[in-house]
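Listed below are the residues making up each chain.
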Amino acid sequence: MRRIRYGCIGGPETLFQEEVPVPEPGTGELLVRTEAIGVTLPVVRKVREGARPIPLGGELAGEVVSVGEGVSEYATGDRVTGLCFGHGYAEYALLRTAMASPVPAYATAADAVALVRSGAVALGALEAARPEKGESVLVTAAASGVGHLALQLARLRGASRVVAAVGDAAKADFVRSLGADDLVTYGRETWGEPVDVVLDAVGGELLTPALKALAPGGRLVAYSSGGGTIEAYDLLVGGRSAIGFQVAIVARTQPQRYAAWIEELWRLFGEGALRPAIHAEFPLADAARAHETIEARANRGKVVLVP
């Protein structure tokens, strides 16, 4: 089978394709013939900034072709999506059953990759802020795979005003089509009328203006892999708070809650209320181009690889 990996730390140019045997599922694992693979900023960052090369894992969806010992929840022919911790940029990949979920008949593999994991991050980050109906919400990286879903979910959960923060004003039409009332760009000195909640997917130097965008008593939820530092004094002023969120912790420690999020996402999708956007689908061999798109922050929605 074909697989993409990298041999040294660097940019997209370090990715290469190789031929390797199809893996065998172990205990509690599914062997999936991949039909769609999600490209995420955390994986792209690991290629460029990681300590050493690791398998390119992440989101995928496809058909179960064999199951490992002890698996009773799934059978060959089932359509599933999930998070792969091994080699996911491949024609066949292994999924742990604990990280897998069914794909309904009315959805494509690309829909599943764009909706489930990114949607769980967006929904979980929103819930971490404990928003009340009628509060205002600002989403950074609002055109990203997670951000564009967070915009919609904030509105669906009762936000009175939804603000999209982006790096490029050219994304205005896209985020407004998803329900954003206002648009701000990162370079602005201020981000307009203060908001009750900020969902931040960028981190780094953007944490300071994101925190300043909060109204008194406002909450910032940080779920970025970009790091950054917040001064305690900035929290004291106005009684603001900062909350860290990582969806993997919830999936591991509160599986029922995580499953409820996925159920809600599919329900909203099936009703037509939540629209995952696919920015582009690249052939597996063009994984470098997919990474370049993410690094350039050019995407409007999800970037997907198709084996």
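Refer to the preceding data block for the structure.
These numbers were taken from a predicted model, which means no experiment stands behind them.

Chemist: I keep staring at the overall build of the chain and nothing clicks. Help me out?
Modeler: From N to C terminus, the chain includes nine helices and 15 strands. A globule of 307 residues ought to have a C-alpha radius of gyration of about 19 Å, and the chain, at 19 Å, matches this closely. In terms of overall dimensions, the chain has a C-alpha envelope of 55 × 40 × 35 Å along the principal axes. Expressed as a percentage of its 307 residues, the buried residues of the chain come to 52%. For the chain, restricting intrachain contacts to residue pairs at least 6 apart in sequence, the fraction spanning at least 24 positions comes to 64%. With the model as given, the accessible surface of the chain reaches about 13300 Å², and the carbon-plus-sulfur share is 51%. Mean positive and mean negative side-chain charge positions of the chain (30 and 35 charges, respectively) differ by 3 Å.

Chemist: Whenever I open this one, the packing of aromatic side chains confuses me. Can you help?
Modeler: The geometry of an aromatic ring pair is captured by the separation of the ring centres together with the interplanar angle, meaning the angle of the planes. Across all of its chains, the model carries five aromatic pairs by this definition. Ring geometry for F245 against W261: centres 6.2 Å apart, planes inclined by 55 degrees, an arrangement best described as tilted. One end of the pair, F245, is in the loop between β13 (241-244) and α7 (247-253); the other, W261, is in helix α8 (residues 255-270), with 16 residues separating them in the sequence. In this structure, F245 and W261 share a single accessibility class: buried.

Chemist: Looking at this model, I keep getting lost on the side chain of T97. Mind explaining?
Modeler: On the secondary structure map, T97 appears in the loop between β6 (92-96) and β7 (100-102). Each residue touching T97, except ones within four places of it in the same chain, is listed here: G28, L30, V71, E73 and Y74.

Reading the values: rules and limits
Residues numbered from 1 in each chain as written. Predicted model: local features only at pLDDT ≥ 70, side-chain atom pairs only at ≥ 80, totals over all residues. Heavy atoms only, no water. Helix = DSSP H or I, 4+ residues; strand = E, 2+ residues; numbered from the N terminus. Rg over C-alpha atoms; globule rule 2.2 N^0.38 Å. Buried < 20%, exposed > 50% of the residue type's maximum accessible area, 1.4 Å probe, protein only. Contact = heavy atoms within 4.5 Å. Areas by Shrake-Rupley, 256 points an atom, 1.4 Å probe, with all protein chains shown as cover. Lys, Arg positive; Asp, Glu negative; His and termini not counted. Charge placed at Lys NZ, Arg CZ, Asp CG, Glu CD. Phe/Tyr/Trp six-rings, centres within 6.5 Å; stacked < 30°, edge-to-face > 60°.

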